[in-house]
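Results of the structural survey
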Amino acid sequence: MKRPVIAVVGSSMMDLTAYADVLPGPGETLVGKQFTTGFGGKGANQAVMAAIAGADVYFVGKIGKDVFGDSFLENFKNRGINAKYVERDDEPSGVAHIWVDGTGENRIIIIPGANHKIDKAKAAEAIAEIPDLDIVIGQCEIKQEVTLAAFKAAKTRGATTILNPAPFEPLSDELIAHCDWIIPNETEYASLGQISANILLTEGEKGVHHLNTGLRVAALKVTPVDTTGAGDSFVGAFASKLHEGAEVAMKFGCAAAGLSVTKKGAQSSYPTYEEIATLS
Ligand code: RIB
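The following paragraphs examine the structure supplied in this document. (Residues numbered from 1 in each chain as written. Predicted model: local features only at pLDDT ≥ 70, side-chain atom pairs only at ≥ 80, totals over all residues. Heavy atoms only, no water.)

Brief notes about the overall build of the protein
On a plain count of helices and strands, the protein comes out with 9 helices and 13 strands. Its C-alpha atoms give the protein a radius of gyration of 18 Å, near enough to 19 Å, the size a compact globule of 280 residues would have. Seen through its principal axes, the protein has C-alpha atoms that stretch 55 × 45 × 35 Å. Considering only contacts within the protein whose residues lie at least 6 apart along the sequence, 66% involve residues at least 24 apart. In the form shown here, the protein has an accessible surface area of approximately 12,400 Å², with 52% of it arising from carbon and sulfur atoms. Taking the average place of the 25 positive charges on the side chains of the protein and the average place of its 34 negative ones, the gap between the two points comes to 3 Å. (Helix = DSSP H or I, 4+ residues; strand = E, 2+ residues; numbered from the N terminus. Rg over C-alpha atoms; globule rule 2.2 N^0.38 Å. Contact = heavy atoms within 4.5 Å. Areas by Shrake-Rupley, 256 points an atom, 1.4 Å probe, with all protein chains shown as cover. Lys, Arg positive; Asp, Glu negative; His and termini not counted. Charge placed at Lys NZ, Arg CZ, Asp CG, Glu CD.)

Below you can see the structure in the form of structure tokens.
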């Protein structure tokens, strides 16, 4: 079977993560347990998982002319992701400051930096040019006008579009009209209103629910240590398996996400193809 060709138009971030049993309140200082630096950004996370799950992946994005940018390029290379459409900017690379508590729940502040400098015309050109393109994935850590331009270019050539509306921001009617699949969590879904795309609702420890067909797939039963990047691993794995049908893709995505929460970090927590396949 042909490997799917997927383009992720999205963000790269360096995740600077502090782990503590309890997170501090306003004005409070606490002693934490661990600090890590790891590759993140919703777009890059989804691209990495899509590559693990068997797709040929292109990343379309912008990074800084700094050491984080250098390491993002090295990471894309190591992960087998085509970075031909990754440009560099005078703005610094994107950074995410993350706090993770003892239950694995996180709080995140992102500083988008170069991610907000992606040129919409160049993103559309990339999507028009990538050979044999099957799927384009977008999120909301880059400017919405860029995602819209990329999705328009995708629909012009008959590619499938998947939007993960995270972190949530109001979506234009025009963008929604160019989405084949929207994958929100419960909070994001509550803000979406009536839409006609396929909606795949991610419900955390309960699993996922395809609202259009009623199909549900349960999440793995695991003890989470860090949920950062779990939603992204679902999106990347789902997209890579969509050519085998929605149910197969949902099961593969749930296995990937379930395994990812048992380890720390975003991309650093992602399982291998074989580990996912055993549980899906
Ligand atoms: O979805 C998780 C991601 O959100 C993290 O990797 C962080 O970079 C933020 O973008």
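Re the packing of helix 1 (residues 42–52) against helix 7 (residues 230–241)
In the contact formed by helix 1 and helix 7, the axes pass within 7 Å of each other and the chain directions differ by 45 degrees. Relative to helix 7, helix 1 is oriented oblique. For the pair helix 1 and helix 7, the sense of crossing is right-handed. The segment helix 1 lies against helix 7, with Lys42, Asn45, Gln46, Met49 and Ala50 engaging Asp232, Ser233, Val235, Gly236, Ala237 and Ser240. The residue makeup of the contact of helix 1 with helix 7, split by class, is 4 nonpolar, 5 polar and 2 charged. (Axes fitted to C-alpha atoms, helices over the stretch in contact; angles between N-to-C directions. Parallel < 35°, antiparallel > 145°, perpendicular 65-115°, else oblique. Left-handed = near helix turned anticlockwise from the far one by under 90°. Nonpolar A, V, L, I, M, F, W, Y, C, P; charged D, E, K, R; others polar.)

Quick word on the sheet that holds strand 10 (residues 181–182)
In space, the 9 strands of this open sheet follow the order 5-4-1-8-9-10-11-12-13, with mixed pairing throughout. The two strands at the open ends of the sheet, each matched to only one other strand, are strand 5 (82–89) and strand 13 (216–218). Sheet analysis places strand 1 (residues 5–9) next to strand 8 (residues 135–138), joined by 4 bridges and oriented parallel. Bridge pairing in strand 8 links valine 8 to isoleucine 137. Here helix 1 sits on the sheet and contacts strand 1, strand 4 (56–64) and strand 8; the angle it forms with strand 4, its principal contact strand, is near 155 degrees. (Pairing = 2+ DSSP bridges.)

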